[in-house]
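Each chain, written out:
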Amino acid sequence: MSIQMAYKTLIDPEKRRNYDVTGYANLKDLERDEKRKEKEEGEKKGGYQRFTKKKGSSSSSSSSRMKRGGWDSEEQTIDSIDSETFDFTSLSAFESIVFNRRRNSKDNNAGAVGGNSWLIEVYDDASEPSQRASSSWEQASRALDGFAKFGRVNQKLYRRLAVKVAPKYFMSNEPIAFTKLPAVVGFAQGCNNFWCAQRYRGEMKADDLGSFVMDKLLRLKEVPSVASEELEQNFAPVTIRGNIKDENKKTPKNDKVKFIIFSPRATTPSPTLRKLATEYSDDVHVVRIHHTERDQGKWKQIYGVESAPAVVVLKSESNEVIVKHGVSGKESLKRLFTEHHFQLIPEIMSRSMDDIRCKSGGLTRLCVLLLGDERETTESLKHTLSSIKKDLQKERDESNEEGLNAMKVSLSTALENDEIVFARIDCVKQKKACQAYSFKRGSSNAELRALRFISDKPGKMSNVLFKGNAVDIEEVYEWIGELFNADETSRSLQDEVSKALLIQERLGLKTQLEQFRMDILQTVARVLEESVIMMVEIGPFPIIFMFVLQISLFRFLRNRKFARSAQNVPSADTVDTSTSNALDANDIVMNLSEFSERTTALTKSVYVVLQFINSRDKGPVVEQIQGLQALAKKFKSERLLRFAYVDLDQNVSWKSFVNDVGENSVCVWHPSKLKYEKLGISCVEDGVCTKLDAVLDGSANWEKEIKDNAWFHSSSSVKNRDMKK
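None of the values given here were measured: they were computed from a predicted structure. (Residues numbered from 1 in each chain as written. Predicted model: local features only at pLDDT ≥ 70, side-chain atom pairs only at ≥ 80, totals over all residues. Heavy atoms only, no water.)

Chemist: So what's going on with the overall build of the chain? Residues and values would help.
Modeler: A tally of regular secondary structure across the chain gives 24 helices and 19 strands. Sorting the 725 residues of the chain into buried and exposed places 41% on the buried side. Once local pairs closer than 6 in sequence are excluded, the contacts in the chain between residues at least 24 apart make up 70%. Approximately 41800 Å² of the chain is accessible, and the part contributed by carbon and sulfur atoms is 50%. (Helix = DSSP H or I, 4+ residues; strand = E, 2+ residues; numbered from the N terminus. Buried < 20%, exposed > 50% of the residue type's maximum accessible area, 1.4 Å probe, protein only. Contact = heavy atoms within 4.5 Å. Areas by Shrake-Rupley, 256 points an atom, 1.4 Å probe, with all protein chains shown as cover.)

Right under this line is the structure:
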């Protein structure tokens, strides 16, 4: 690769990703090499002759081409379906591009993060429906360029790949029937195997294909179309809302910026509009309406819209109405959303901090920050800042008068060049951030601060409090102008407030449940759809057999689980008969004062928490093991743990060990029974649970090995007793 091509690949994110995944910067080069290799392999094996399209053929040969009723018996020449979309010719290339798998990756099931959504068409050149659908396929690919990738697989030439992409039915290894071609399958972004493929079963129309991609693969937010009455009632500017019918109706408070899209035709929303509505859904609310001649005068009076296409932006907090005519292209629409998706004085949150740019390291030199809550004082300061910003946003030509204030001209230019930023922080939600900005709640519930950023000192800022009359706009004007034009070294600096202090916005429980419900419904709908198709293809008996098999397997596993949990319940001979009536039936504390085959089996290959008691000198057994019972209940779900006690008055083989660790000690023994760790003097100590968790995590501090201990003495005595019997 030449240096120039390498540079072009490095600066282009798409080409760089393609090269990392496939080794080719341009996917067309990969397609060409795959076809060449396929042709060479076919020539070596004496294989098939690929059908090619004859260009420039005369009218005399037209009878030999494909006809609606069949083929000419003398010659069978098929016109290949040309396409601008990518042709996949091998399974490895498909997996590396669609599933975004790295080359030479050891884990073939692990897709890389990122990639694109893909729509794949499985076709055959000899299929007449595939020929007819080619124009719609090309139209859809051009309409969704930049949103999803389009590719094709020729089923006749690449049968193995076609079976993987579009099988006959779910979990089938047979290709789809020739009469059902073309088949379209979608792979959403993040999909890394064929199980997450989504089959498209609609008509081969460009609009339907686009809706499938936007709804199923991209999951873009729908932009609703509203009626004229609804738009007039709910989306009218605040300045004229009182003149509308139903004046007493209170509209709910909504901090989102409203975008109204006036279209000259009643069409579906473009992919660009739906993507922008989804991307900025936290800050904007988008609706669309068909602009008709009948309502032209009304929209001109309410919004100032003279013709369509047009976009109206309503910012309720500042009573601002922005009208842009002729906005229809992708770039102009993106630019409009990027510029106006915030209110006039935007609120700083963790997700909006970077977009507002109230930080160092960029063009911003001064950030005028309003700190406060939602009370009256805050609203007054917000109104002051809104008035100043709207005044600075006016066209320079309109204010070009004699005696023009030079300071305001300087601030207006700075605002246009993104050198001044106006923002606010809700100190009820962001308490830590407000404290970091030196906000102290006192007689006033709001205050203005100016953050000055130094270009050659990143991460540093000066923090100045406004101490004048915030209602006086001219005084605030002068304060901002003085700070903006002041010497950068004239004030003390402090560390910039970290973004980590801002509270992360989380979805509400209702929203999370709604998203979870939608995901479940979508998955269930897919499974039911595939099941119905499979039932039609192969009949109902295999489906019924699989259903019965799943139920039987579930019942078998459940019974196995109950049987294994029953083994953890001690039998009558594992608990001291003198205390069995006092013990709770759910306890799993065993008495190891006397070993038996049952206790030996239960303590084999598990950790055993062992407590030593003295029934003669220190009271009833039940009282001494209450802490052990409580500890056993806390770790009841751990299958690698057993809990037991030893009465030293009944088993003297443990006394030498107890003399070393201390009476009433609690120890945990390794499954090998060769080493142990002392947990504490009693089970109620604070560190017992922590040490026990460390044991289960594999980070225990085991004592030295003890090859000659009471475990083996007790086990050998049990064996000798069995042999005598």
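Here the narrative resumes, following the displayed structure.
Chemist: Outline the sheet that holds strand 15 (residues 589-591), listing residues and values.
Modeler: Pairing in this open sheet of 5 strands is mixed, and the strands run 15-17-16-18-19 from one edge to the other. Looking at which strands have only one partner, the edges of the open sheet turn out to be strand 15 and strand 19 (676-680). Taken over all neighbouring pairs, the strand axes of this sheet differ in orientation by 30° on average, direction set aside. In terms of strand pairing, strand 16 (residues 607-613) meets strand 18 (residues 666-669) through 4 bridges, oriented antiparallel. Its bridge partner lying in strand 18, L610 is registered against C667. (Pairing = 2+ DSSP bridges. Axes fitted to C-alpha atoms, helices over the stretch in contact; angles between N-to-C directions.)

Chemist: Account for the sheet that holds strand 7 (residues 284-290), naming residues and giving values.
Modeler: With mixed pairing, 4 strands are arranged side by side in an open sheet as 7-6-8-9. A strand with exactly one partner marks an edge of an open sheet, and here the two such strands are strand 7 and strand 9 (320-325). Here the average twist between neighbouring strands, direction ignored, is 15°. With 7 bridges connecting them, strand 6 (residues 257-263) and strand 7 associate as parallel partners. Among the inter-strand pairings, K258 is bridged to a residue of strand 7, identified as H285.

Chemist: For the state of the cysteines, give the residues involved together with the corresponding values.
Modeler: In total, this model carries 3 disulfides according to the counting rule given. In this model, C358 is linked to C367 through a disulfide, with the two sulfur atoms separated by 2.0 Å. As the torsion about the S-S bond is roughly -105°, the C358-C367 disulfide counts as left-handed. For C358, a relative accessible area of 1% gives the class buried. What makes C367 buried here is its relative accessible area of 0%. This cysteine, C683, is not joined by any disulfide, and C689 carries the nearest cysteine sulfur, 9.2 Å off. Look at C683 and you get buried, because its relative accessible area is 9%. (Disulfide = S-S within 2.5 Å.)

Chemist: How would you sum up the pattern of salt bridges? Please name residues and give values.
Modeler: Enumeration over the complete set of coordinates arrives at 20 salt bridges. In this structure, R294 engages D295 in a salt bridge whose closest nitrogen and oxygen atoms are separated by 3.8 Å. With relative accessibility at 74%, the residue R294 sits in the exposed group. Its salt-bridge partner being K499, residue D354 comes within 3.2 Å of it at the nearest N-O pair. Here D354, found in helix 12 (residues 353-356), pairs with K499, found in the loop between strand 14 (494-495) and helix 17 (509-538); they are 145 residues apart in sequence, far enough to count as distant. (Salt bridge = Lys/Arg side-chain N within 4 Å of Asp/Glu carboxyl O.)

Chemist: Tell me about unusual backbone geometry, and name the residues and values.
Modeler: In the segment running from L181 into P182, the intervening peptide bond is cis, with an omega of 0°. A cis amide bond, omega 5°, links A308 with the succeeding residue P309. With respect to the helices and strands, the residue P309 is situated in the loop between helix 10 (296-302) and strand 8 (310-315). One non-glycine residue, D418, lies in the positive phi region at around 60°. By the element assignment, D418 lies in the loop between helix 14 (406-416) and strand 11 (420-426). On the basis of relative accessible area, D418 is assigned to the partly exposed category, the value being 30%.

Chemist: Give me the confidence of the model for the chain: which residues, what numbers.
Modeler: With 75% of its residues at a pLDDT of 70 or more, the chain has an overall mean of 77. Helix 24 (residues 710-724) is the least confidently modelled element of the chain, averaging 53 in pLDDT, while strand 2 (residues 118-123) averages 95, the highest of any element. This stretch, residues 45-75, has a pLDDT under 50; its non-local contacts, to residues over four places away or in other chains, come to 35 contacts. Within the model, pLDDT remains below 50 along residues 561-586, and this stretch shows 34 contacts once partners closer than five positions in the same chain are excluded. (pLDDT = per-residue confidence, 0-100.)

Chemist: How would you summarise the packing of helix 14 against helix 16 (residues 473-485) if you had to cite specific residues and measurements?
Modeler: Between helix 14 and helix 16, whose axes approach to 10 Å, the crossing angle comes to 65°. In terms of their interaxial angle, helix 14 and helix 16 are classed as roughly perpendicular. Of the two possible hands of crossing, helix 14 and helix 16 adopt the one that is left-handed. Touching M407, K408, S410, L411 and A414 of helix 14 are E474, Y477, E478, I480, G481, F484 and N485, all from helix 16. (Parallel < 35°, antiparallel > 145°, perpendicular 65-115°, else oblique. Left-handed = near helix turned anticlockwise from the far one by under 90°.)

Chemist: Break down the packing of aromatic side chains for me, citing the residues and quoting the values.
Modeler: Aromatic ring pairs: the centre-centre distance and the angle between the two ring planes describe each pair. This model, assessed by the stated rule, comprises 19 aromatic pairs. Ring centres of W669 and Y676 lie 5.3 Å apart, and the angle between their planes is 40°; this geometry places the pair in the tilted category. Considered together, W669 and Y676 belong to a single accessibility category, that of buried residues. Members of the aromatic cluster, joined through ring pairs, are F86, F88, F94, F99, W118, F187 and F194. Above the face of the W299 ring, K298 is positioned so that its terminal group lies 4.9 Å from the ring centre. One Lys or Arg, R365, reaches over the ring of F484 and ends 4.2 Å from the middle of that ring. (Phe/Tyr/Trp six-rings, centres within 6.5 Å; stacked < 30°, edge-to-face > 60°. Lys NZ or Arg CZ within 6 Å of the ring centre and 35° of its normal.)

Chemist: Could you give an account of the packing of helix 13 (residues 376-392) against helix 14, with specific residues and numbers?
Modeler: Interhelical geometry of helix 13 versus helix 14 gives an angle of 85° and a closest axis separation of 9 Å. Regarding the angle of helix 13 to helix 14, the classification is roughly perpendicular. Touching K389, D391 and L392 of helix 13 are K408, L411, S412 and L415, all from helix 14. By residue class, the composition of the contact of helix 13 with helix 14 is 3 nonpolar, 1 polar and 3 charged. (Nonpolar A, V, L, I, M, F, W, Y, C, P; charged D, E, K, R; others polar.)

Chemist: Please give an account of the nonpolar core that cites residues and values.
Modeler: Grouped together as the largest cluster of nonpolar side chains are 26 residues, with contacts concentrated most on L366, L411, F422, L448, W479 and I480. Looking at this core, the elements that each hand over two or more residues are strand 10 (366-372), helix 13, helix 14, strand 11, strand 12 (446-453) and helix 16. Take this core: its biggest share by element is 6 residues, from helix 16. Aside from chain neighbours lying at most four places away, what touches L448 is L369, L370, L381, L385, V464, L465, F466, V476 and W479. (Core = buried A, V, L, I, M, F, W, Y, C linked by side-chain atoms within 4.5 Å.)

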